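Each chain, written out:
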Amino acid sequence: MKNILKDLKRKDHKRYLGGLDIFKYIGPGMLVTVGFIDPGNWASNFAAGSEFGYSLLWVVTLSTIMLIILQHNVAHLGIVTGLCLSEAATKYTPKWVSRPILGTAVLASISTSLAEILGGAIALQMLFDIPIVWGAVLTTAFVFVMLFTNSYKKIERAIIAFVSVIGLSFIYELFLVKIDWPVAAQAWVTPSLPEGSMLIVMSVLGAVVMPHNLFLHSEVIQSHEYNKQDDASIRKMLKYELFDTLFSMIVGWAINSAMILLAAATFFKGGIPVEELQQAKSLLEPLLGNGAGIVFALALLMAGISSTITSGMAAGSIFAGIFGESYHIKDSHSQVGVVLSLGLALLLIFFIGDPFKGLLISQMVLSIQLPFTVFLQVSLTSSRRVMGPYVNSTWSTCVLYAIAGVVTVLNLMLLFNV
């Protein structure tokens, strides 16, 4: 009887450890999550909450669902083929198709890096009154050190730590205000378009699905050696990847929602529109106290640094993929991609007089490139030559192309309305 009990305990222990194994696979999705809690999103979320209260929370829900589907799909590409999106485009599409798309993706990554570096610089100005230009130099230098001295695993841990700080910061601030939770709960799932809200709706939607995140996810998914030869191993990895993507995107949904909730409960209630990030911090201090203002600035700094890291990695992946290589910081092509993205972004900041306007311009550049990346991805994952037995089903293909169409229309509308 004792032996039977011991066997049962041993089996239960193994099942328990097996259940915990899934947490070893969390990381790639969290890197991607940083991309849609970057400074550009902060501006859109605070504008949404301050001008329209809780009513645009549904936009965060819809955009997150779209993002989950697209990121899950591009992660499949990385797992099944062992190639990132850039490598797959180089291998499976003609050069006259792949080179222009990947070239514009590099330009988009520069635009992304510009916004992220600006976010870190604005945070340093809030905290220490450092001029924007020198704050940008400090942010870029720190990110270069992070990228050129750390492995994937160390960077993933740093990113998860940064995201945790951001999330805890906004949770802390939510405790300082009174949220109308029943109204918020309804707004999360009930679409509405208040008069004059279309531009902000498109800004929030367009800023969540970003080109560099699609390239990045297909690359970093392989840092866990997900790609396997046998069918059983691939299916196991696909299951774990789905958990990682769902968990990470839900974290991003919660943080973006918290921004809108905070803005709605403070600025909208007081009839104060938010038009720039510095203004948000200065308004928070009298409304919530000095502690909230400091926490806001620290969270923005973490968001700026972590999103700059991911945009640099994405640029390295895209540039290396043009030459049929995977991302590795010791590889010369990866290094060139990182330096191009961060270096040129920093150089452009020296010529930007209005940081907030710089954020808007960077979002406009992304809106031009995004549809090309989305359609490229869907065409690859819908090809049996590329994906083999793991090709998208007819239903999945229709859903993905529908999302690509919606993203294209929304981003074009955003472009012509900025």
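Placed above this text is the structure.
Cut-offs and rules
Residues numbered from 1 in each chain as written. Predicted model: local features only at pLDDT ≥ 70, side-chain atom pairs only at ≥ 80, totals over all residues. Heavy atoms only, no water. Axes fitted to C-alpha atoms, helices over the stretch in contact; angles between N-to-C directions. Helix = DSSP H or I, 4+ residues; strand = E, 2+ residues; numbered from the N terminus. Parallel < 35°, antiparallel > 145°, perpendicular 65-115°, else oblique. Contact = heavy atoms within 4.5 Å. Nonpolar A, V, L, I, M, F, W, Y, C, P; charged D, E, K, R; others polar. 1 Å grid on protein atoms, 1.4 Å probe; cavity = no way out; pocket = protein on both sides within 12 Å on 5 of 7 lines; lining within 4 Å. Points joined across faces, edges and corners; volume = space filled by probe spheres on them. Buried < 20%, exposed > 50% of the residue type's maximum accessible area, 1.4 Å probe, protein only. Phe/Tyr/Trp six-rings, centres within 6.5 Å; stacked < 30°, edge-to-face > 60°. Core = buried A, V, L, I, M, F, W, Y, C linked by side-chain atoms within 4.5 Å. Expected span 1.5 Å × (residues − 1). Patch = residues over 30% accessible without salt bridge, like charges linked within 9 Å, V, L, I, M, F, W, Y side chains within 5 Å. Areas by Shrake-Rupley, 256 points an atom, 1.4 Å probe, with all protein chains shown as cover. Salt bridge = Lys/Arg side-chain N within 4 Å of Asp/Glu carboxyl O. Lys, Arg positive; Asp, Glu negative; His and termini not counted. Charge placed at Lys NZ, Arg CZ, Asp CG, Glu CD.

Close contact between helix α5 (residues 85–92) and helix α11 (residues 211–220) brings their axes to 7 Å; oriented N to C, the two are set at 95 degrees. Here α5 lies roughly perpendicular to α11, going by the angle between them. Residues L85, S86 and E87 of α5 lie in contact with α11, whose contacting residues are L214, F215, S218 and E219. When its residues are assigned to classes, the contact of α5 with α11 shows three nonpolar, two polar and two charged.

All right, on to the layout of surface pockets then. Approximately 300 Å³ is the volume attributed to the second largest pocket. Along the wall of the second largest pocket there are 19 residues; nearest its centre are G167, I171, V251, A254 and I255. The residue inventory of the lining of the second largest pocket, partitioned by class, reads 16 nonpolar, three polar and no charged.

Relative to the elements of secondary structure, P273 occurs in the loop between α12 (231–270) and α13 (277–288). For P273, a relative accessible area of 37% puts it in the partly exposed group. As for P273 and E51, which are separated by 222 residues in sequence, their C-alpha atoms are 5.7 Å apart.

This next bit is on the packing of aromatic side chains. Enumeration according to the criterion identifies five aromatic pairs in this entry. Here the aromatic rings of F144 and F148 are separated by 5.9 Å at their centres, their planes lie at 45 degrees, and the arrangement is tilted. Note that F144 and F148 are positioned in helix α7 (residues 132–149) at a spacing of four residues, about one turn of the helix. Accessibility expressed as a relative area gives 27% for F148, which makes it partly exposed. With a centroid separation of 5.3 Å and 40 degrees between ring planes, the pair formed by W188 and W253 is classed as tilted. Note that W188 is positioned in helix α9 (residues 181–189) and W253 in helix α12, a separation of 65 residues in sequence. For W188, a relative accessible area of 16% puts it in the buried group.

Phi angles above zero are rare outside glycine, and D129 is one such case at about 60 degrees. As for its position among the elements, D129 is in the loop between α6 (95–128) and α7.

Here we take up the nonpolar core. Counting 113 residues, the largest nonpolar core has W42, F46, Y54 and F170 as the members making the most contacts within it. Residues within four places of F46 in sequence aside, it is in contact with F170, M259, L262, A263, F267, V274 and F296.

Another aspect to go through is helix α3 (residues 39–52). In this model α3 runs 20 Å from its N-terminal to its C-terminal C-alpha over 14 residues, within 8% of the 20 Å that 1.5 Å per residue would give. Counting buried positions along α3 gives 13 out of 14 residues, so the element sits mostly inside the fold.

Before going further, it helps to examine a negative patch on the surface. There is a patch of like negative charges on the surface, built from E51, E275, E276 and D354. Following the sequence through the fold, E51 ends up in helix α3. Judged by relative accessible area, E51 falls into the partly exposed class, the value being 38%.

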